[in-house]
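Residue strings, one per chain:
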Amino acid sequence: VVGQRIYLPNIIFRLIRNKTLPGQPYNPYEATFRIPNSVTKNDVRSYLLAMYGVETTYIRTDNYFSPLYRNYDRTQKTRRQYTYKRAVVGLVEPFYYP
């Protein structure tokens, strides 16, 4: 085997724009990601450092649950697959969207 073996994680991080209120400036030291529900804060920190070399100062996570819907026979409640976890990450260096 030539070279070094690299292990890539099987998770998807989606970078989304930060929510800023009208009239307030954009915060370049903060990034927002949409991540799977099973990912922890330590996973987020190690993923960003290992894959992209990004150092973080803080990580805040929120869980978003989709509303419940009933089946046609009204016997069982089902949940659509819109549940996700949002991670707001504080960055050491500023990041501007292209």
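Residues numbered from 1 in each chain as written. Predicted model: local features only at pLDDT ≥ 70, side-chain atom pairs only at ≥ 80, totals over all residues. Heavy atoms only, no water.

Per an unreviewed UniProt entry, the protein is named Large ribosomal subunit protein uL23m, and its organism is Sistotremastrum suecicum HHB10207 ss-3. In its Sequence similarities (unreviewed entry) section, the UniProt record describing the protein reads: "Belongs to the universal ribosomal protein uL23 family." (UniProt positions renumbered as here; feature names shortened; annotations may be inferred.)

Trainee: Even after reading the chapter, I still don't get the layout of surface pockets, so can you show me in this structure?
Mentor: Rolled over the atoms, a probe sized like a water molecule indicates the empty space that remains. In this structure, the largest pocket encloses a volume near 300 Å³. Considering the residues around the largest pocket, the lining is formed by 15 residues, among which Phe33, Tyr52, Val54, Leu91 and Phe95 are closest to the centre. Sorting the residues of the lining of the largest pocket by element identifies strand S2 (30-35) and helix H1 (41-52) as the ones contributing at least two each. Broken down by element, the lining of the largest pocket gets its largest block of residues, three residues, from H1. Along the lines of polarity and charge, the residues of the lining of the largest pocket split into twelve nonpolar, one polar and two charged. (1 Å grid on protein atoms, 1.4 Å probe; cavity = no way out; pocket = protein on both sides within 12 Å on 5 of 7 lines; lining within 4 Å. Points joined across faces, edges and corners; volume = space filled by probe spheres on them. Helix = DSSP H or I, 4+ residues; strand = E, 2+ residues; numbered from the N terminus. Nonpolar A, V, L, I, M, F, W, Y, C, P; charged D, E, K, R; others polar.)

Trainee: Can you walk me through the nonpolar core in this structure?
Mentor: Nonpolar side chains in soluble globular proteins tend to be buried together. Residues Phe13, Ala31, Phe33, Ile35, Val39, Val44, Tyr47, Leu48, Ile59, Ala87, Val89 and Leu91 constitute the largest nonpolar core, which totals twelve residues. Elements represented by at least two residues in this core include exactly S2, H1 and strand S6 (84-91). Contacts of Phe13, omitting those with residues within four sequence positions, involve Phe33, Arg34, Ile35, Val39, Val44 and Tyr47. (Core = buried A, V, L, I, M, F, W, Y, C linked by side-chain atoms within 4.5 Å. Buried < 20%, exposed > 50% of the residue type's maximum accessible area, 1.4 Å probe, protein only. Contact = heavy atoms within 4.5 Å.)

Trainee: Help me out: how do you make sense of the packing of aromatic side chains in this one?
Mentor: In this description, an aromatic ring pair is defined by two values, namely the gap between the centres and the angle between the planes. Within this structure, the stated rule accounts for five aromatic pairs. Here Tyr26 and Tyr96 contribute two aromatic rings whose centre-to-centre distance is 6.4 Å and whose plane-to-plane angle is 45°, an arrangement assigned as tilted. Taken as a pair, Tyr26 in the loop between strand S1 (14-16) and S2 and Tyr96 in the segment after S6 lie far apart in primary sequence, 70 residues in all. Here Tyr26 falls in the partly exposed class, since its relative accessible area comes to 29%. Arranged with centres 6.1 Å apart and planes meeting at 75°, the rings of Tyr47 and Tyr52 form a pair that is edge-to-face. Residue classification places Tyr47 among the buried residues on the basis of a relative accessible area of 12%. Judged by its relative accessible area of 57%, Tyr52 is exposed. Here a set of aromatic residues connected by ring pairs shows up, and it is made of Phe13, Phe33, Tyr47 and Tyr52. Lying across the ring of Tyr84, Arg34 places its NZ or CZ 3.8 Å from the centre. Above the plane of the ring of Tyr58 lies Arg60, whose end atom (NZ or CZ) is 4.3 Å from the centre. (Phe/Tyr/Trp six-rings, centres within 6.5 Å; stacked < 30°, edge-to-face > 60°. Lys NZ or Arg CZ within 6 Å of the ring centre and 35° of its normal.)

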